[in-house]
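Each chain, letter by letter, is given below.
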Amino acid sequence: MNKQPVEGFSKLSKDGKIEWLVNEYLNGDDKAIKTLKQYWNNDEDLQKLHDEFSENTISNFYMPFGLAPNFLINGRLYTIPMAIEESSVVAAASKAAKFWINRGGFKTTILSTEKLGHVHFIFKGDCNKLKTFFDEVLKDKLHQDTADITKNMRARGGGISKLELIDKTSQMENYFQIKGTFETVDSMGANFINSCLEQFAKTLQTEIATSSIFSDQEKESLQIVMCILSNYTPDCMVRAEVSCKVEELKDGKVSAEEFVEKFTRAVRIAEIEPYRATTHNKGIMNGCDAVVIATGNDFRAVEACAHTYATKDGRYSSLTHCEVEDGIFRFWIDLPIAVGTIGGLTSLHPLVKLALDILGKPNAKELMGFIAVAGLAQNFGALRSLVTTGIQKGHMKMHLMNILNQLEATEEEKQYFVNYFKDKTVSHHAVINEFCRLRGVSHPDELKKID
Ligand SMILES: CC(C)(COP(=O)(O)OP(=O)(O)OC[C@H]1O[C@@H](n2cnc3c(N)ncnc32)[C@H](O)[C@@H]1OP(=O)(O)O)[C@@H](O)C(=O)NCCC(=O)NCCS
Ligand SMILES: NC(=O)c1ccc[n+]([C@@H]2O[C@H](COP(=O)([O-])OP(=O)(O)OC[C@H]3O[C@@H](n4cnc5c(N)ncnc54)[C@H](O)[C@@H]3O)[C@@H](O)[C@H]2O)c1
Ligand SMILES: C[C@@](O)(CCO)CC(=O)[O-]
């Protein structure tokens, strides 16, 4: 049956929205109501808080909140909170943390903290006149007209650090930008930057309209296209690194030299081969996103920035790098990230507050470090498995419970399987076969339908 558009959906109550959903999309099956409501919090105030984070909310979507302990970072021990649904990510990060704790731990360095935003505009006229006007008149006025907005940020040591007129006319006719560089201290800064930019646009319009140096035609040609921060912040950069003597890298049966050779080659492949770099960086973001989400930050912004940065040399490449010099193995990531420990959800979501408490109430720079460390640790763990045992051994060991839950295994059967796979690599196929044998059925169809 063809669906009809709905008018005023946003104005229905939560129950009204659910009723509409069940009737329109779920054939009136009210099992869905139970599913949705079982995720509601009994604490009505807490539930209301969550409902109000977003719009048209009908339930909560749980995400596992885990801990990766034993991170030695800049000489201090931390436990990193991670919100992620994928098996083996937290385990891999924890294992990497344990590995590096006896080899000097992780070091982080903030390389820069500048955020960017642009007023994109069209101006048909004399470029040189516009440039002179920008330098001699407009720049000061942009600072003056945003003085109210920037007052508190300046008092914290932040504000607008640089204003530039960018001529983009070689790429698009009559296209210019006011490029703002901002220091937003402990906030990610989106709202501060966007507020400044919207004021810049108003000032630009007023000043051009009232200036005597532009012709009427030039004045009328001015069009503001949009005012928005850029999520690409190559000058808001953190470095996280680990290093140790090559001989300290012996890994199980693999010699230190062989491990380093294999590991280094794997990183080099990610540096030169975009197909591999995409997966390699996905693994890094497994670690980064989990911390970004646990600390209430905007993971889309962090993702967008990381992947743009990965193309900075004209080809998509690895975010991590490694080298061996004078017998020292060094593995590092330079990651641009704009995150905050103030603003957004950081003081609203109780679990986010808790995550920040676990990290010792970090400032934004410290949080950048934790995120980069989680990404580096994750990548170390994944590469270490990939070049030694293969990824499936460890990953599927962690994923086993998901397969058993799909099969509705009993606690006793789960225990049996944990023991059974102690010396074998888990695969979906191997679990099904053994499950059939255990339950005395000849065909998987006789088990719970799983595919
Ligand atoms: C999954 C993985 C950690 C298992 O390693 P393992 O050597 O079999 O693990 P072990 O049982 O010997 O435990 C070693 C450490 O790993 C971590 N770890 C292992 N299993 C864990 C689990 N179920 N939960 C949390 N941490 C775990 C812990 O730090 C553990 O130390 P601990 O016992 O002091 O807590 C490892 O294979 C790995 O890192 N694989 C890469 C996984 C990956 O990159 N996943 C990304 C998605 S595919
Ligand atoms: N493209 C984008 O990335 C984009 C666009 C729009 C909105 N957002 C959203 O914006 C939110 C983040 O914006 P925000 O950081 O402006 O948050 P915010 O506006 O909620 O809070 C930041 C404000 O807190 C105040 N503040 C108090 N103490 C501070 C300190 N020590 N340092 C800095 N500021 C301090 C300042 O007024 C600052 O502007 C995220 O939720 C994000 O999803 C993102
Ligand atoms: C294991 C990995 O594929 C992440 C899986 O989520 C990363 C990698 O291949 O480096």
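Turning next to the site of ligand 3. Near ligand 3, the surroundings consist of Glu86, Arg276, Thr279, His280, Lys282, Gly283, Asn286, Ala382, Leu386 and Ile391. Take Glu86: an N or O atom from its side chain is 2.7 Å from an oxygen atom of ligand 3. Alone, ligand 3 offers 300 Å² of accessible surface; in the complex the protein occludes 83% of this. For the shell around ligand 3, the secondary-structure elements that each account for two or more residues are helix H10 (274-294) and helix H13 (364-387). By residue number, the principal contributor to the shell around ligand 3 is H10, which donates six residues. Partitioning the shell around ligand 3 into residue classes produces three nonpolar, four polar and three charged.

Tallied over the entire structure, the rule returns 28 aromatic pairs. Ring centres of Tyr78 and Phe370 lie 4.8 Å apart, and the angle between their planes is 70°; on these two criteria the pair is classed as edge-to-face. Linking Tyr78 in strand S2 (residues 76-83) with Phe370 in helix H13, this pair joins segments that are 292 residues apart in sequence. Ring centres of Phe417 and Phe421 lie 6.2 Å apart, and the angle between their planes is 20°; on these two criteria the pair is classed as stacked. Here Phe417 and Phe421 have matching classes, each one buried. Through a chain of ring-to-ring contacts, the aromatic side chains of Phe99, Trp100, Phe259, Phe263, Phe329, Phe331 and Phe380 assemble into a single cluster. The lysine or arginine in question, Arg300, covers the ring of Phe299, its NZ or CZ lying 4.7 Å from the ring centre.

The subject of this paragraph is the site of ligand 2. As a structural note, the neighbourhood of ligand 2 is formed by 19 residues, with Gly189, Asn191, Asn231, Asp298 and Gly344 the closest of them. One of the backbone N or O atoms of Asp186 is found 3.0 Å from a nitrogen atom in ligand 2. Between an oxygen atom of ligand 2 and a main-chain N or O atom of Met188, the distance comes to 3.1 Å. It is helix H7 (residues 190-210) that contributes the most residues to the shell around ligand 2, four residues altogether.

Its 16 residues place the ends of helix H14 (residues 391-406) 22 Å apart at the C-alpha level, agreeing with the 22 Å of an ideal helix rising 1.5 Å per residue. At Lys397, H14 is deflected by roughly 45°, the largest bend along its length. For H14, the full list of buried residues reads His395, Met396, Leu400, Ile403 and Leu404.

Read across the sheet, four strands follow the order S3-S8-S10-S9 without closing on themselves; strand pairing throughout is antiparallel. At either margin of the open sheet sits one strand with a lone partner, and together these are strand S3 (107-110) and strand S9 (320-325). With strand direction ignored, the average angle separating the axes of adjacent strands in the sheet is 20°. Judged from the nine bridges that link them, strand S8 (residues 237-245) and strand S10 (residues 328-336) form a sheet pairing that is antiparallel.

On the surface, a cluster of nonpolar side chains totalling about 320 Å² of accessible area is made up of Leu67, Leu351, Leu354 and Ile358. If one sorts the elements of the nonpolar patch by residue count, helix H12 (residues 350-358) sits on top with three residues. Within the secondary structure layout, Leu67 lies in strand S1 (residues 65-73).

Think of two packed helices as two axes; the pair is described by the angle between the axes and how far apart they sit. Two elements in contact, helix H4 (residues 89-101) and H13, have axes separated by 8 Å at closest approach and are oriented at 95°. Judged by the inter-axis angle, H4 sits roughly perpendicular to H13. Packed against H4, whose contacting residues are Val89, Ala92, Ala93, Lys95, Ala96, Phe99 and Trp100, the element H13 presents Ala377, Gln378, Phe380, Gly381 and Arg384 at the interface. Residue classes in the contact of H4 with H13 are distributed as eight nonpolar, two polar and two charged.

Definitions and limits used
Residues numbered from 1 in each chain as written. Chains lettered and ligands numbered in written order. Predicted model: local features only at pLDDT ≥ 70, side-chain atom pairs only at ≥ 80, totals over all residues. Heavy atoms only, no water. Near = heavy atom within 4 Å. Polar contact = N/O pair within 3.5 Å; in protein donor to acceptor, adjacent residues only side chain to side chain. Areas by Shrake-Rupley, 256 points an atom, 1.4 Å probe, with all protein chains shown as cover. Helix = DSSP H or I, 4+ residues; strand = E, 2+ residues; numbered from the N terminus. Nonpolar A, V, L, I, M, F, W, Y, C, P; charged D, E, K, R; others polar. Phe/Tyr/Trp six-rings, centres within 6.5 Å; stacked < 30°, edge-to-face > 60°. Buried < 20%, exposed > 50% of the residue type's maximum accessible area, 1.4 Å probe, protein only. Lys NZ or Arg CZ within 6 Å of the ring centre and 35° of its normal. Expected span 1.5 Å × (residues − 1). Bend = angle between axes of the 7 residues up to and from the residue. Pairing = 2+ DSSP bridges. Axes fitted to C-alpha atoms, helices over the stretch in contact; angles between N-to-C directions. Patch = residues over 30% accessible without salt bridge, like charges linked within 9 Å, V, L, I, M, F, W, Y side chains within 5 Å. Salt bridge = Lys/Arg side-chain N within 4 Å of Asp/Glu carboxyl O. Parallel < 35°, antiparallel > 145°, perpendicular 65-115°, else oblique. Contact = heavy atoms within 4.5 Å.

The values reported here are purely geometric and, on their own, carry no functional implication.
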